[in-house]
Amino acid sequence: MAEALQKKLQGELEKYQQVQKDLSKCMTARQKLEAQLTENNIVKEELDLLDSSNSVYKLIGPVLVKQDTGEAKATVGKRLDYIAGEIKRYDSQMQEYEKKSEQQRETLARLQQEFQKAQAKVAAKA
């Protein structure tokens, strides 16, 4: 019985570790998005300071191409909306992983108690 419990405990531990890895990946991706959001907000602020007489250039490969100011503002606005949506998606994903992690932790604790009881019974019989 103790061996079966130990195998089950090991399986649950592996599941828990996988959930922790997934949560960590999600957090890293969210942090990258936060950095992009900050950068794009700075670009938006700079574009808002311009008037129609100023020129805006976009880097495409090794070449700077002239771009309409309104078009540049619209592009940055769309990018900000997209990044904000992705951050929300990662937030909800992180909440799911945290719930799974908590459930796995509870399962592990319960299995550890069962395993310790089984070991105590074996030790009492010996």
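Keep in mind that this is a model prediction, so the values were computed, not measured. (Residues numbered from 1 in each chain as written. Predicted model: local features only at pLDDT ≥ 70, side-chain atom pairs only at ≥ 80, totals over all residues. Heavy atoms only, no water.)

Asker: Got a minute to help me understand the UniProt feature "coiled-coil region" (unreviewed entry) in the protein chain in this structure?
Answerer: Mapped onto this numbering, the UniProt entry gives "coiled-coil region" (unreviewed entry) at residues 2–36 and 87–121. Within residues 87–121, the helical portion is 100% and the strand portion 0%, while the C-alpha atoms at the span's ends are 51 Å from each other. (UniProt positions renumbered as here; feature names shortened; annotations may be inferred. Helix = DSSP H or I, 4+ residues; strand = E, 2+ residues; numbered from the N terminus.)

Asker: Mind showing me how you'd approach the nonpolar core here?
Answerer: Most often, soluble globular proteins have nonpolar side chains that are buried together. In this structure, C26, L33, L37, L47, I83, I87 and Y90 are the most contacted members of the largest nonpolar core, which totals 15 residues. At the level of elements, α1 (2–49) and α2 (69–125) are the ones that each hand at least two residues to this core. Those residues in contact with I87 that sit more than four places away from it in its chain are R30, L33, E34 and L37. With 7 residues, the next largest nonpolar core counts L5, L9, Y16 and F115 among its residues. (Core = buried A, V, L, I, M, F, W, Y, C linked by side-chain atoms within 4.5 Å. Buried < 20%, exposed > 50% of the residue type's maximum accessible area, 1.4 Å probe, protein only. Contact = heavy atoms within 4.5 Å.)

Asker: When you look at a nonpolar patch on the surface in this model, what are you seeing that I'm missing?
Answerer: A surface patch of nonpolar side chains, amounting to about 360 Å² of accessible area, comprises Y57, L59 and L64. The residue L64 is located in strand β2 (residues 63–67) in this model. (Patch = residues over 30% accessible without salt bridge, like charges linked within 9 Å, V, L, I, M, F, W, Y side chains within 5 Å. Areas by Shrake-Rupley, 256 points an atom, 1.4 Å probe, with all protein chains shown as cover. Salt bridge = Lys/Arg side-chain N within 4 Å of Asp/Glu carboxyl O.)

Asker: Help me out: how do you make sense of the environment of L37 in this one?
Answerer: You can see L37 is positioned in helix α1. L37 sits 10 residues away from M27 along the chain, and the two C-alpha atoms are 15 Å apart. Excluding residues that lie within four positions of it along the chain, L37 makes contacts with L80, I83 and I87.

Asker: Could you clarify how one ought to interpret the confidence of the model for the protein chain in this entry?
Answerer: Reading fine detail from the predicted coordinates is not recommended where pLDDT is low. Looking at the protein chain as a whole, its pLDDT mean stands at 92, while 98% of the residues score no less than 70. Here α2 stands out as the least confident element of the protein chain, with mean pLDDT 92; β2 is the most confident, with 95. (pLDDT = per-residue confidence, 0-100.)

Asker: What should I look at first to understand the packing of aromatic side chains in this one?
Answerer: For any pair of aromatic rings, the description consists of the separation of the ring centres together with the inter-plane angle of the planes. For the structure on display, the rule yields 0 aromatic pairs. We note R89 situated over the ring of Y90; from NZ or CZ to the ring centre the distance is 4.9 Å. (Phe/Tyr/Trp six-rings, centres within 6.5 Å; stacked < 30°, edge-to-face > 60°. Lys NZ or Arg CZ within 6 Å of the ring centre and 35° of its normal.)

Asker: How do you make sense of the pairing of β2 when you look at a structure like this?
Answerer: Successive residues of a regular strand alternate their side chains across the two faces of the sheet. Summarising the sheet, strand β1 (residues 56–60) and β2 pair through 5 bridges and their orientation is antiparallel. Each bridged residue has a counterpart across the sheet, and for L59 the counterpart in β2 is L64. Between β1 and β2, which pair antiparallel in sequence order, lie 2 residues; one of them, G61, sits at a positive phi of approximately 65°. (Pairing = 2+ DSSP bridges.)

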